[in-house]
Amino acid sequence: MVDLRGRVALVTGGGKGIGRGISAALAAAGAAVAVSYATDRPAAEGTVADIVGNGGRAVAVAGDVGSPDDVERMYEQVNAVLGPVDTLVNNAAVFSFQPFEDVTPSDFDRTYRTNVLGVFLTCQAFVKQVPGTGGSIVNISTSGISDNAPGSALYTSAKGALTTLTRVLANELGPRGIRVNAVAPGATDTDGARDLGLINEENVARVAAATPLGRLGHPHDIGSVVAFLASRDAGWITGDVIFASGGLH
Ligand SMILES: NC(=O)c1ccc[n+]([C@@H]2O[C@H](COP(=O)([O-])OP(=O)(O)OC[C@H]3O[C@@H](n4cnc5c(N)ncnc54)[C@H](OP(=O)(O)O)[C@@H]3O)[C@@H](O)[C@H]2O)c1
């Protein structure tokens, strides 16, 4: 069983959807978990209450990952309540799909600010306070980096940037004992995916049929992979992208 006792994790956007599955899996393995949110405080507090109700340690922290001041404040808060963060999961993201020629500069700014700049900022703040014993960063990508679907230029190019960032940081931070990996989920049943119509009653059967394992992903399918990557059992894995997508590539 994956053992994260004594570890302190920060999960961005950890209160709902895939982030909630990740927070739950890390807590079940024994980590103390900081659950970050941008706007949905009740969701983050609900996730924290579940973890604490199961005997774990958790705290909700507010902040926009695209804001340097917010990120600094989040880390100060987590450091004060739970201690230095040794496990960072960059899960927070916004989705935006449209034909390439319809992407506006403001769509671009919003997506890259959260999905790319946000990851730079949380990683920079992470390395400033990570214990000398090292740590682990897991970036949440998408299986879309493999199928490169039409209409996904904005979202998928931002996730593609994360793949490169994951590999560069693995090389740059490896000598400091920090492993950096990414997990690429396939279609996963979350409110965010349903709100955008990525998953709905019409396409759910089609997506499941196109997936070798014959169903949609659930947040815990992603959480268990993240918990493994964060653990010592994955101590020889860095710079890798693991597809957690039921075989959908
Ligand atoms: N669902 C899928 O099918 C699927 C497939 C492949 C990859 N993914 C990836 O998996 C991750 C989670 O997806 P999901 O479906 O669970 O999404 P979701 O339900 O829409 O949740 C997104 C989370 O990100 C947070 N967030 C958004 N902007 C933020 C910001 N500027 N600062 C801080 N937090 C912010 C949200 O916080 P608030 O609610 O508090 O605003 C929310 O907790 C994303 O990286 C996504 O790209 C999802």
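Reading guide: rules and limits
Residues numbered from 1 in each chain as written. Predicted model: local features only at pLDDT ≥ 70, side-chain atom pairs only at ≥ 80, totals over all residues. Heavy atoms only, no water. UniProt positions renumbered as here; feature names shortened; annotations may be inferred. Helix = DSSP H or I, 4+ residues; strand = E, 2+ residues; numbered from the N terminus. Phe/Tyr/Trp six-rings, centres within 6.5 Å; stacked < 30°, edge-to-face > 60°. Buried < 20%, exposed > 50% of the residue type's maximum accessible area, 1.4 Å probe, protein only. Expected span 1.5 Å × (residues − 1). Arc of directions from axis to C-beta. Contact = heavy atoms within 4.5 Å. Pairing = 2+ DSSP bridges. Right-handed = clockwise from strand over helix to strand, strands pointing away. Salt bridge = Lys/Arg side-chain N within 4 Å of Asp/Glu carboxyl O. Near = heavy atom within 4 Å. Polar contact = N/O pair within 3.5 Å; in protein donor to acceptor, adjacent residues only side chain to side chain. Areas by Shrake-Rupley, 256 points an atom, 1.4 Å probe, with all protein chains shown as cover. Patch = residues over 30% accessible without salt bridge, like charges linked within 9 Å, V, L, I, M, F, W, Y side chains within 5 Å.

Looking at an unreviewed UniProt entry, the protein chain carries the name Glucose 1-dehydrogenase, with the source organism given as Streptomyces pyxinicus. Under the UniProt heading Sequence similarities (unreviewed entry), the entry covering the protein chain gives this text: "Belongs to the short-chain dehydrogenases/reductases (SDR) family."

1. Structural notes on the UniProt feature "domain: Ketoreductase" (unreviewed entry) in the protein chain
According to UniProt, the positions carrying the feature "domain: Ketoreductase" (unreviewed entry) are residues 7-202. A helix fraction of 48% and a strand fraction of 17% characterise residues 7-202, whose end C-alpha atoms lie 42 Å from each other.

2. Observations concerning the packing of aromatic side chains
All chains considered together, the criterion is met by three aromatic pairs. Taking 5.4 Å as the distance between ring centres and 25° as the angle between the ring planes, the aromatic pair formed by F95 and Y155 counts as stacked. You can see F95 sitting in the loop between β4 (87-90) and α4 (105-129) and its partner Y155 sitting in helix α6 (residues 153-173), a full 60 residues away along the chain. Taking the relative accessible area as the measure of exposure, Y155 reaches 8% and is therefore buried.

3. Here's the deal with helix α9 (residues 219-230)
For α9, spanning twelve residues, the distance from its first C-alpha to its last is 17 Å, which sits close to the expected 16 Å at 1.5 Å a residue. For α9, every residue scored as buried is listed here: P219, I222, G223, V226, A227, L229 and A230. When α9 is viewed along its axis, its buried side chains cluster within an angular range of 160° and face the same direction. Packed against the buried residues of α9 are α1 (17-28), β4, β5 (135-140), β6 (178-185) and β7 (241-244).

4. Describing the side chain of S231
Structurally, the position occupied by S231 is in the loop between α9 and β7. What makes S231 buried here is its relative accessible area of 1%. Excluding its chain neighbours within four sequence positions, the residues that come into contact with S231 are V2, D3, L4, R7 and R179.

5. Some details on the pairing of strand β2 (residues 32-37)
Burial analysis of β2 places six of its six residues in the buried class, which makes it a mostly covered element. Alternating residues of β2 divide into A32, A34 and S36 and V33, V35 and Y37, and every residue in both groups is buried. With four bridges connecting them, strand β1 (residues 8-11) and β2 associate as parallel partners. The residue bridging V8 from the neighbouring strand is A32, located in β2. Of the crossover connections in this fold, the one passing from β1 over α1 to the parallel β2 is right-handed.

6. Looking at the pattern of salt bridges
Applying the stated criterion across every chain yields a total of ten salt bridges. Here D64 and R113 are joined by a salt bridge, their closest N and O atoms 2.8 Å apart. With D64 in the loop between β3 (58-62) and α3 (68-81) and R113 in helix α4, this pair connects stretches of sequence that are 49 residues apart. Assessed through its relative accessible area of 27%, D64 is described here as partly exposed. Across the pair R73 and D70 runs a salt bridge, and its minimum N-O distance is 3.1 Å. Here R73 and its partner D70 are both found in helix α3, three residues apart, which amounts to about one turn of the helix.

7. A look at the site of the ligand
The immediate surroundings of the ligand are formed by 29 residues, with T39, D40, N91, Y155 and T190 found nearest. One nitrogen or oxygen atom from the main chain of V65 is found 3.0 Å from a nitrogen atom belonging to the ligand. Contact with the protein chains hides 91% of the accessible area of the ligand, taken as 900 Å² for the molecule alone. Secondary-structure elements contributing two or more residues to the shell around the ligand are α1, α6 and α7 (191-195).

8. Focus: a nonpolar patch on the surface
Residues F95, F97, L196 and L198 make up a contiguous nonpolar surface patch of about 310 Å² in total accessible area. Here L198 shows up in the loop between α7 and α8 (204-210). Its relative accessible area of 32% is what places L198 among the partly exposed residues.

9. Describing unusual backbone geometry
In this structure, N148 is a non-glycine residue whose phi angle is positive, near 50°. In this fold, N148 is placed in the loop between α5 (144-147) and α6.

10. Side note on the environment of L162
Structurally, the position occupied by L162 is in helix α6. L162 gets classed as buried once you look at its relative accessible area, which sits at 1%. Between the C-alpha atoms of L162 and V119, which are 43 residues apart in sequence, the distance is 8.1 Å. Not counting residues up to four positions away in its chain, the partners in contact with L162 are N115, V119, N139 and I140.

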